[in-house]
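Below, each chain spelled out in residue letters.
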Amino acid sequence: MTDDEIVALFDRCSNTGKWGADDELGTLNYITDATRRTATALVKHGRCVSIGRDLSTVADQLNADPLRHRMLFDSTSPTSALDSFELAPHGFAITHLDAITHVFWEGNAYNGRRSDELLRPDGLRSGSVHAQRDGIVTRGVLLDVTAVRGVPFLTPGEAVTAEDLTAAERLSGTEVTSGDAVFVHVGLERREAEQGTEDPSVRARLDASCLPWLHEREVAVYSGDCVDQIPFPSKAVPLPLHQIGLVAMGLVLLDCPRLADLVEVCAELGTAEFLLTVAPLRLPGGTGSPVNPLCLF
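Residues numbered from 1 in each chain as written. Predicted model: local features only at pLDDT ≥ 70, side-chain atom pairs only at ≥ 80, totals over all residues. Heavy atoms only, no water.

(A) Up close: the overall build of the chain. Within the chain one finds 9 helices and 15 strands. At 19 Å, the chain has a C-alpha radius of gyration in line with the 19 Å of a compact globule built from 297 residues. Its C-alpha atoms give the chain principal-axis dimensions of roughly 65 × 50 × 40 Å. Split into buried and exposed, the 297 residues of the chain put 50% on the buried side. Of the contacts formed within the chain by residues at least 6 apart in sequence, a portion of 78% connects residues at least 24 apart. Side chains of the chain carry 25 positive and 42 negative charges; the gap between the two charge centres is 3 Å. (Helix = DSSP H or I, 4+ residues; strand = E, 2+ residues; numbered from the N terminus. Rg over C-alpha atoms; globule rule 2.2 N^0.38 Å. Buried < 20%, exposed > 50% of the residue type's maximum accessible area, 1.4 Å probe, protein only. Contact = heavy atoms within 4.5 Å. Lys, Arg positive; Asp, Glu negative; His and termini not counted. Charge placed at Lys NZ, Arg CZ, Asp CG, Glu CD.)

(B) Summary view of helix α9 (residues 260-269). Within the span of α9, buried status applies to Leu-262, Val-263, Val-265 and Cys-266. An end-on view of α9 places all buried positions within 165 degrees of arc, on one side of the element. Relative to its buried face, α9 has exposed residues pointing more than 90 degrees away, namely Glu-264, Ala-267 and Glu-268. Considering only its buried residues, α9 is in contact with β1 (48-50), β7 (136-144), β9 (181-185), β13 (273-278) and β15 (294-296). One or two positions beyond α9, positive phi appears at Gly-270, with a value near 70 degrees. (Arc of directions from axis to C-beta.)

(C) Structural context of helix α5 (residues 162-172). Along α5, the residues that are buried comprise Ala-162, Asp-164, Leu-165, Ala-167, Ala-168, Glu-169 and Ser-172. Of the surrounding secondary structure, the elements contacted by the buried residues of α5 are β7, α4 (145-149), β8 (159-160), β9 and α7 (210-216). Among the residues trailing α5, Gly-173 stands out with phi positive, at a value near 85 degrees.

(D) Geometry of the pattern of salt bridges. The final tally for this structure, using the stated rule, is 16 salt bridges. Glu-273 is paired through a salt bridge with Arg-139; the nearest N and O atoms lie 2.7 Å apart. Taken together, the positions of Glu-273 in strand β13 and Arg-139 in strand β7 put the pair 134 residues apart, joining distant regions of the chain. Among the salt bridges present, the one from Asp-164 reaches Arg-149, with a minimum N-O distance of 2.6 Å. Taken as a pair, Asp-164 in helix α5 and Arg-149 in helix α4 lie far apart in primary sequence, 15 residues in all. Accessibility expressed as a relative area gives 10% for Asp-164, which makes it buried. The network of salt bridges with shared partners includes Arg-139, Asp-180 and Glu-273. (Salt bridge = Lys/Arg side-chain N within 4 Å of Asp/Glu carboxyl O.)

(E) Seen up close, the environment of Thr-79. Relative to the helices and strands, Thr-79 resides in the loop between β2 (68-72) and β3 (82-86). Classification of Thr-79 as exposed rests on a relative accessible area of 76%. Along the primary structure Thr-79 and Gly-26 are separated by 53 residues, whereas in three dimensions their C-alpha atoms are 46 Å apart.

(F) Representation of the pairing of β9 within the structure. For β9, the buried fraction is high: 5 of the 5 residues fall into the buried class. In terms of strand pairing, β7 meets β9 through 5 bridges, oriented parallel. Considered in β9, the bridge of Leu-143 is made with Val-184. The sheet contact formed by β9 and strand β11 (residues 221-224) spans 4 bridges and is parallel. From the neighbouring strand, Ala-181 faces β11, where its bridge partner is Val-221. (Pairing = 2+ DSSP bridges.)

(G) Here's a closer look at the pairing of strand β12 (residues 252-255). Residues Val-252 and Leu-254 of β12 are buried on one face, and the alternating residues Leu-253 and Asp-255, pointing to the opposite face, are buried as well. Note: strand β4 (residues 96-98) against β12, 2 bridges, orientation antiparallel. Pairing of His-96 across the sheet is with Asp-255, part of β12. Two elements, β11 and β12, share 3 bridges in a ladder whose sense is parallel. Paired with Tyr-222 across the bridge in β12 is Leu-253. On the question of chirality, the crossover connecting β11 to the parallel β12 by way of helix α8 (residues 240-249) is right-handed. (Right-handed = clockwise from strand over helix to strand, strands pointing away.)

In short, geometric facts, not functional conclusions.
Structure representation (structure tokens):
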């Protein structure tokens, strides 16, 4: 897509005002009580899979600001073990939920807000992760792009297109519907196991053409091992999934999951759908929260 076509997506995919001027939930509004009841009915086997990453105290290419973890105990006469930790959830090392006003474009934030209205030293004034405090309970759908293309993983620089999503949806045996969480799989874990830690500047990316696909299907949560390439090959919109997704759509993003175990269990059970549960920390004003998402079958 050209820069002009990508910029036009801000209007084409806009949910501004759709749920009222004071809305802070964005696409989580698509998840209704009926959606949750239908999703819980998917649990038939009793299997549960975590798709969260282990937290690491070791700095590396993707973990520039690692977890700071201190054990607190009296080694001479221990009566208990305590600890303290500090972490920065955004980036590539921690599985986390984004607040929908976490990212801006030309000073604009979700639902017609301006960044200068929102940013305060004590946190975001609207659209913070605290708005998601009741958690996410909905149907998850695996869209396996590697299976569609017949490859073990996408190579650096490749783009997942809307056509890929449609083909993966067809292969899944189900249709993505309003309120779903979609998980796009491009085989990142296998590629890293064979080729080493990825370079975000040449990663396999989600093409901007996928945003209308997600918008039209009223997807509540986007996740996967495929997000924005940094920098994206667009000067006008360097982070289209985050900028158009968050600013225009209010699309809730679950960043940095580990999908290999999920893909394995889906293949074993012959399904691409499951119950997803995600609970962020109750942090007023927070721009995001570390999470340990669970997929139940």
